[in-house]
Each structure stands twice: as C-alpha cells, then as structure tokens.
Amino acid sequence: MDIEKIYRIYDTAVKIRLIEEAIITEYPQKEIRTPVHLCVGQEGIAAGVTFNLSREDYIVSNHRCHGHCIAKGLSLEGFFSELYGKAGGVSRGRGGSMHLVDMKNGILGTSAIVAGGIPIAAGAALSLKLRGCRNIVAVYFGDGAVDEGIFWETINIASLKKLPILFVMEDNQYASQTHVSIRHSYEDICKIISGFSIPVYKLDGNDAVEVAEISGKAIANIRRGDGPAFLYCRTYRWLGHVGESDDSHTGYRSDEDVRYWKGLCPIKRLEERLNCFDPNNAGARINEIRNGWNRMIEKALIAAKEMQYALD
Amino acid sequence: MPWTELIAEQSSCFPAKMAEGEDGKRILTYQQAIKEAICQALEIDKNVIILGEGVDTAGYIYDTTAGTGAQFGKDRVIETPIAEAAIAGIALGAAITGMRPVIMHMRNDFLLMSMDQIINHISHWQNIFGGDVPVVIRAIIARGWGSGAQHSQSFQRLFAGFEGLDVVMPYTPYDVKGMFLSAISGKKPVLFLEHRWLYGDKGYVPQEPYFSDLHSAAIRKQGSDVTVVGMSLANRDISDATASLSGSGIDIEWIDLRCIYPPDMDCISTSVKKTGRLVIVENGTVHNGIGAEVIARICENCFDSLKKPVKRIGWKTATVPAGPRLEEKVYPGADEIINEIRGMMGKYEFK
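Notes on the structure in this doc start here. Given the structure is predicted, the values throughout are model-derived calculations rather than measurements. Numbering of residues starts from 1 in each chain and follows the order in which that chain's sequence is written. By the order in which they are written, chains take letters starting at A while ligands take numbers starting at 1. Restriction of local features to residues with pLDDT of at least 70 applies here, the model being predicted, together with a cutoff of 80 or more for giving and counting side-chain atom pairs; totals for whole chains, interfaces and linings are based on all residues. Side-chain figures throughout are based on the complete set of non-hydrogen atoms in the structure, without hydrogens or water.

**Quick notes on the sheet that holds strand β8 (residues 190-195) of chain B**
Strand pairing in a sheet relies on backbone hydrogen bonds. The paired strands run either parallel or antiparallel. Residue and element names in this part refer to chain B. At least two DSSP bridges between two strands are needed for those strands to be called paired. Secondary structure follows DSSP: runs of H or I at least 4 residues long count as helices, runs of E at least 2 residues long count as strands, and numbering of each begins at the N terminus. Read from one edge to the other, the open sheet built from seven strands follows the order β4-β3-β5-β6-β8-β7-β14, with strand pairing classed as mixed. Only two strands of the sheet have a single partner each, and these edge strands are β4 (77-79) and β14 (259-261). Here the strands of the sheet are splayed against their neighbours by 20° on average, with no regard to which way each runs. Only heavy atoms enter the contact rule, under which two residues are in contact if any of them lie within 4.5 Å. In this analysis an axis means a line fitted to C-alpha atoms, helices contributing only their contacting stretch, and an angle means the value between N-to-C directions, from 0 to 180 degrees. Strands β3 (48-52), β5 (100-105), β6 (136-141), β7 (166-168) and β8 of the sheet are contacted by helix α6 (residues 173-184), whose axis makes an angle of about 160° with β8.

**Things to note about unusual backbone geometry**
In this model, Tyr-261 of chain B is joined to Pro-262 of chain B through a cis peptide bond whose omega is 0°. Its place among the elements puts Pro-262 of chain B in the loop between β14 and α8 (265-275). Even without glycine at this site, Lys-30 of chain A takes up a positive phi of about 65°. Within the element layout of this structure, Lys-30 of chain A appears in the loop between α1 (3-26) and α2 (43-50). Each residue gets one of three labels from its accessible area relative to the maximum for its type: buried under 20%, exposed over 50%, partly exposed in between, using a 1.4 Å probe on protein chains only. By relative accessible area, which is 58% here, Lys-30 of chain A ends up exposed. With a phi angle near 50°, Tyr-62 of chain B is a residue other than glycine that sits in the positive phi range. Following the sequence through the fold, Tyr-62 of chain B ends up in the loop between β3 and α2 (68-72).

**Brief notes about the layout of surface pockets**
Residue and element names in this part refer to chain A. Grid points spaced at 1 Å over the protein atoms alone were grouped into cavities, where a 1.4 Å probe fits but cannot get out, and pockets, open sets with protein on both sides within 12 Å along at least five of seven lines, with lining residues defined by an atom within 4 Å of a point. Grid points are joined across faces, edges and corners, and a volume is the space filled by probe spheres set on the points. The calculated volume of the largest pocket comes to roughly 320 Å³. Taken together, 26 residues line the largest pocket, and the ones lying closest to its centre are His-63, Val-114, Gly-142, Gly-144 and Ala-145. Counting only elements with at least two residues in the lining of the largest pocket, the list comes to α5 (117-130), β3 (137-142) and β5 (174-175). Residue classes in the lining of the largest pocket are distributed as ten nonpolar, twelve polar and four charged. When residues are sorted by character, Ala, Val, Leu, Ile, Met, Phe, Trp, Tyr, Cys and Pro go into the nonpolar class, Asp, Glu, Lys and Arg into the charged class, and all the rest, Gly among them, into the polar class.

**Focus on the packing of aromatic side chains**
Each aromatic pair joins two rings of Phe, Tyr and Trp (for Trp, the six-membered one) with centres within 6.5 Å, and gets the label stacked for planes under 30 degrees apart, edge-to-face for over 60, and tilted for any other angle. Applying the stated criterion to the full structure yields 20 aromatic pairs over all chains. Each ring, one from Phe-151 of chain A and one from Trp-152 of chain A, has its centre 4.8 Å from the other, and the planes form 80°; the classification is edge-to-face. Seen in terms of ring centroids, Tyr-30 of chain B and Tyr-199 of chain B are 5.5 Å apart; in terms of plane orientation they differ by 45°. Their pairing is tilted. In this pair, Tyr-30 of chain B sits in helix α1 (residues 30-44) while Tyr-199 of chain B sits in the loop between β8 and β9 (202-204), placing the two residues 169 residues apart along the sequence. In this pair, the class of Tyr-30 of chain B matches that of Tyr-199 of chain B, namely buried. An aromatic cluster is defined as three or more aromatic residues linked by ring pairs; in this entry it consists of Phe-141, Phe-151, Trp-152, Phe-167, Phe-196 and Phe-230 of chain A.

**With respect to the side chain of Asp-109 of chain B**
Residues and elements named next belong to chain B. Here Asp-109 lies in the loop between β5 and α4 (115-129). In this charge count, Lys and Arg are treated as positive and Asp and Glu as negative; neither His nor the chain ends contribute. A side-chain nitrogen of Lys or Arg and a carboxyl oxygen of Asp or Glu constitute a salt bridge if their distance falls within 4 Å. Arg-107 is the oppositely charged side chain nearest to the buried, salt-bridge-free Asp-109, at an N-O distance of 6.0 Å. Those residues in contact with Asp-109, other than ones at most four positions away along the chain, are Ala-149, Gln-150, His-151, Ser-152, Gln-153 and Phe-155.

**Some details on the interface of chain A and chain B**
Every contact between the two is made by 32 residues of chain A and, on the other side, 29 residues of chain B. Summed over both partners, the accessible area lost on bringing two parts together, with a 1.4 Å probe, is the buried area. Across the interface of chain A and chain B, roughly 2,200 Å² is buried in total on both sides, 71% from carbon and sulfur atoms. Contact with chain B buries area across many residues of chain A, yet Ile-120, Leu-130 and Ile-157 of chain A alone supply 24% of it, more than any other trio. Counting every contact that joins chain A to chain B gives zero salt bridges.

**Structural notes on the packing of α5 of chain A against helix α6 (residues 149-160) of chain A**
Residue and element names in this part refer to chain A. It is the contact of α5 with α6, at a shortest axis distance of 8 Å, that shows an interaxial angle of 20°. It follows from the interaxial angle that α5 and α6 lie roughly parallel. Two packed elements cross with a definite hand, and for α5 against α6 that hand is left-handed. Between α5 and α6, the contacting residues are Ile-118, Pro-119 and Ala-122 on the first element and Ile-150, Phe-151 and Thr-154 on the second. Taken together, the residues that form the contact of α5 with α6 break down as five nonpolar, one polar and no charged. Oblique is the label for any angle not under 35 degrees, not over 145, and not in the 65 to 115 range, which are roughly parallel, roughly antiparallel and roughly perpendicular in turn. The crossing is said to be left-handed when, going from far helix to near helix, the turn is anticlockwise and less than a right angle, and right-handed when the turn is clockwise.

**Details of empty space enclosed by the protein**
Using the criterion set out here, one finds three cavities of 30 Å³ or more in the structure. Taken as a whole, the largest cavity spans an internal volume of roughly 60 Å³. Along the walls of the largest cavity sit Leu-126, Ile-157, Lys-161 and Leu-163 of chain A together with Leu-51, Ile-78, Thr-80, Ile-87 and Ile-90 of chain B, which together make up its complete lining. The residue inventory of the lining of the largest cavity, partitioned by class, reads seven nonpolar, one polar and one charged.

**As for the pattern of salt bridges**
Overall, the coordinates contain 30 salt bridges over all chains when judged by the stated rule. Of the charged contacts in the structure, one is a salt bridge between Arg-290 of chain A and Glu-271 of chain A, with a shortest N-O distance of 3.1 Å. Separated by 19 residues along the polypeptide, Arg-290 of chain A in helix α12 (residues 282-306) and Glu-271 of chain A in helix α11 (residues 266-277) bring together distant segments of the chain. Since its relative accessible area comes to 25%, Arg-290 of chain A is described here as partly exposed. On the basis of relative accessible area, Glu-271 of chain A is assigned to the buried category, the value being 16%. Linking Asp-256 of chain B and Arg-220 of chain B is a salt bridge whose minimum nitrogen-to-oxygen distance equals 2.8 Å.

Such coordinate-based values are descriptive only and should not be taken to indicate function.
Listed below in structure tokens is the structure:
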C-alpha cells in the first residue's frame, strides 16, 4: 500500500487512541457522567474500514462506538460536549457516550442494546438500494452481538435481499467479562456465515493496513451490487468493558493475555510500518500528527467544558 | 413533498356506523378502506414501502395488501422471513434514511418478538437523535374461533406511554383510512392497531385520500348523563348499549378514544365535567389498562366533577381460553355495560 495511504490510516487510528486517552485522563474528575465503553486496542478496525468509506456511506455502531464515529468524521467538540451532557453535543446532550449521531457524515446512530443496530443498518442498506445509490452501510458489532437472534435474522435477510451492507464483527473475545468460549458452541462463525452465501473475510483486526486492504475489496464488491459481505476481525479490548480502567483484577482474564495483546497494538504496528517504509520522515510526521490531534482534542475539551449544559 | 397537497380533515364527531348507501355516500368495509389507504399511500409517495411475511400473498394479512406487488413493484412490496425483530429494525433504518416503511403483523401477538426494536429503538430514536422516523407498524387484533391465549391479545397498553410512539386504534372505516394516511405521511412512528372483527363493518369512506387527526378522540354520540369511553372493538358494545338505552331516559355520551397514546384528555375531561359519570370499556383486561391511566388523569384534573365512582369494564382474563363456552365468558358485551350504567344512574334493576 502507498505510504501516504498508510499515513491516512494512521492519522485516523491515532486520533481515536488520543481521544480515548483524553477520556481516560478526564473521567476520574466525574464531570463526564456517562458510561464510556472505550475501544483502546481496537482502533485498527475503524481506521481500516473507514479508509474505504465516503462521507455519503453510512455507518451504524454499538455501545463501543467512539472509534467508529470519530473515524467517520464526528466533530470533536460535538463528541466531547455530548459526553459532558452539554447543549452542543451531537445528540443535544440526550445521548451520552453510547448514542452518537451525525447524519451529515453518514453516522446514522448507535445502539446500546447489543445487536440492536444491526437490523437498522440493514434498513438503511435497503433504503440505499431502493434509491439506486452506490453507497453502502458498514455496521460494527462485537462477538457478543452474534449471540443475539436479531443478528441471525438480519444476516439472513441481508443475503436474501442482496443488501449493500458490510458486517464488521470485532471479536475482542469478551462480552463484558464472559469469554467467547463460554458463549459459542461453534468454533468458527465464518463457516456459518458462509452458509448464508455471504463472502467472509477473516483478518487480523489489529493490522489496520490489512483491514483497509481487505475491506476495500469487500466494499468494492458491495458497491457493484454483489450484496453483503462479512468482515471478521480478531482484536482485544485493553480496558474493562466499561469505564476508564482495566478490570482484569476481577480474574476473568490474565495479565499475560493483556500484555500479549498490548504487544500487538494497532497504533504501534502502524508506526513500525511507517518507520520501515519511510525511515527518513516517519518520526517527524508521526509527531506532527500526534501533536496536531492533541491540540485539537485540548481545544475541543475546553470548548465542551465551557459550554452550557443541555437543558431541554 | 407529496403529502402536503392533501387536505386535513377533522372527524371529531363522525357517525360510527352509516347505513349502506345513505345519502348516496360511498360505503366501504373497514378492510376495503385500509386496503385503499395503503394503495393510495404507495401511489402518492414512492418512498412508501411495505414489509411483512405474506404481504403480497393472497389470503394473508386479511387480503389488505395482496396484489400490491404486481401494482407497485416487488421492490416496494417486500416479502420477508418470519423475523419480526429484524423487520422492525429494518423499518427504522429505512425510515431514518428517507423511506416511509409500513410493517405488517397479521396478529398483534407477534409484536412482542420485535418489542426491543419498537421500544428501545423506534420509540426513542427521535428523542435521542432527532430527525424524522416515519414508521407505521400495522398489527391486527384477533378474537374468537378458539384462537386461544396467544392469538387473542390486544397489546395497546404495553406500547402506550412512550412519547416517541403514537398508539392508535381506529374503529370506523372512515378512520382506518384517514388515520393510516396521517400516520404514513407523518414524522413520527405510529403503532396502528386494527381489529379483525371490524373488518366487515361498513361506513362512509371518501374515495380521494384524506387525513384524519391521529390524536383526537371522537364523540360518537353526544349525551348528558354518563360518559362512556371505548376503544377499537369495545366501541361496538358501547354502540349496542347506547341503542338499547335510547328511550330509557339515560343519555349516554359515547367517546371513541381512537388514539390510545397520547389520549385526548381534553375531550374526556370536557365530557366528564358535563356528565359527572365515567365508564371505560377496555379492549383487554382492566389491570394496568388504558382506563387506569385515563381515570387517574380525570381524578387529577376534574375529580370534583365526578358524581359517582368511575367504572372500568374489560376482559375477565388476560389468558383467553380456546373453548367456546369459556371464551364467550371473557368478553363483557353490551349487557354488562348497560348494567353498569344503570347501576351508576341509580336505576339498576336486579334480574
């Protein structure tokens, strides 16, 4: 992949990371009064998929939605204001962390009910198809969502009606604190999805470049009218299910596991790739990108804190 | 915007039944009226789509949509798997991206399969995210012929109370058409509960499309002694009771609620202030029913107008039995309404 494209992917991925880190810093002040489900460690998927989406393409996301929405162009000030319950929040202070929207950027909304957004995304895809648009819908969900019946109902209908939808499964291996092995009677969901005549792409969700390349192919096929595709992305959640800290101490996962996956950090891997392919400039450009976003985040945070609370 | 050309029409005091051919007016059945409304909606606005299991199959959904596929295209008349939850979500996703979807449940009991989407998503969406959510959820209530516990329910109360979801129960052919066209052309989701037993009722229905107000009750008969509020099929018993009591000296004011949520409390309060007596006939059991809410509001707003304790009438059980002799005992009927009204008027006669 062209080095400038990798810089673009990195720009999105690191933006998500820095925003989540800003929340981690702010959250203990208890001024952000909304349950945050942070996506630290999973940024590569949103960055990779969004690389292939236009502004007019739609996304629908879930409770862990920050990364998907930020990647798709959500305004930073609107985002932070929403977390603080302020009037200028993207959902007018009514949504909080789990309910983000920005129709201008194709962010249709996010659901806090596991799998709840999946059929809504399919409905948007139906709408695109009926209107003869070449756009697509990407819907993000986790390995918990595939335990829900509505996921399977939607997979069936999407295939039946050849809807222009990309299913993006982020398998971070835990639904809250329950490991996938306790919840799934099957070894490989991809085999089952294939049975619905949906092309399945199994990939390393922590390799944003791989996600971008493969989702690019899948999305091109969807745009051509081939119907849905399914992206299976293996990844890992560094922090707890909810809140700003790691909850491993409760004993549901081991520190070694967390350490192992931190070693597979999607941001670090992008930086390594940039350093490898662009050794003369990467260091400076990475710093420039990080500093740029840090300044924007600081500005947005100040604006959000100073803003009026949403009152009606 | 195709819908703005329609003329809104109030039907605050429209006769419930009109004899066939009276005044040379056009008479349709309730079933023909809803079918006509759906076809006109599909014709007026290309963004209207209809989805459901059996939606284009003869004999399904009581033939209210069969044949529309050939007329309006299979892309807009969408046969679906039996996947109520996903279909409701699909309707929402289509609605927020410019379509006006109508989803169909031949039996309202199956609504519960999609309750998460209807409550957690459809009814809250507009309040959380803004924008228009023009979804119409049609569901038909059944009764009789031993349909049993899971095919005889009437779920208005389960869905009433969410500001983001209107719940309506049209009673007349005129209303079923006008209210459907109002619902499908609006900005908000509407749960549209029809009753299978009303499908043969005949009444005046104009041919041209028209709107009926979704949120007002209709005074079906004006009176001075006792306010009787009904909904859906329960109105038929009130109609019969009203006819039986004519000439008895008891003057009923019969209100068809039409809109379950939000209820037209202005209409009911005005009536109760006049009559001082209130009976509510539920299409369902009385516990946690619509009557409970209406009566609570009357007590809050015009308690001093009440001359007698209020009365609720409803089904005797929520688990409707199948056997014919058991089943017939569940539903109250006109006689029970008459007895309650006579009791309330101090003219109760022991048999």
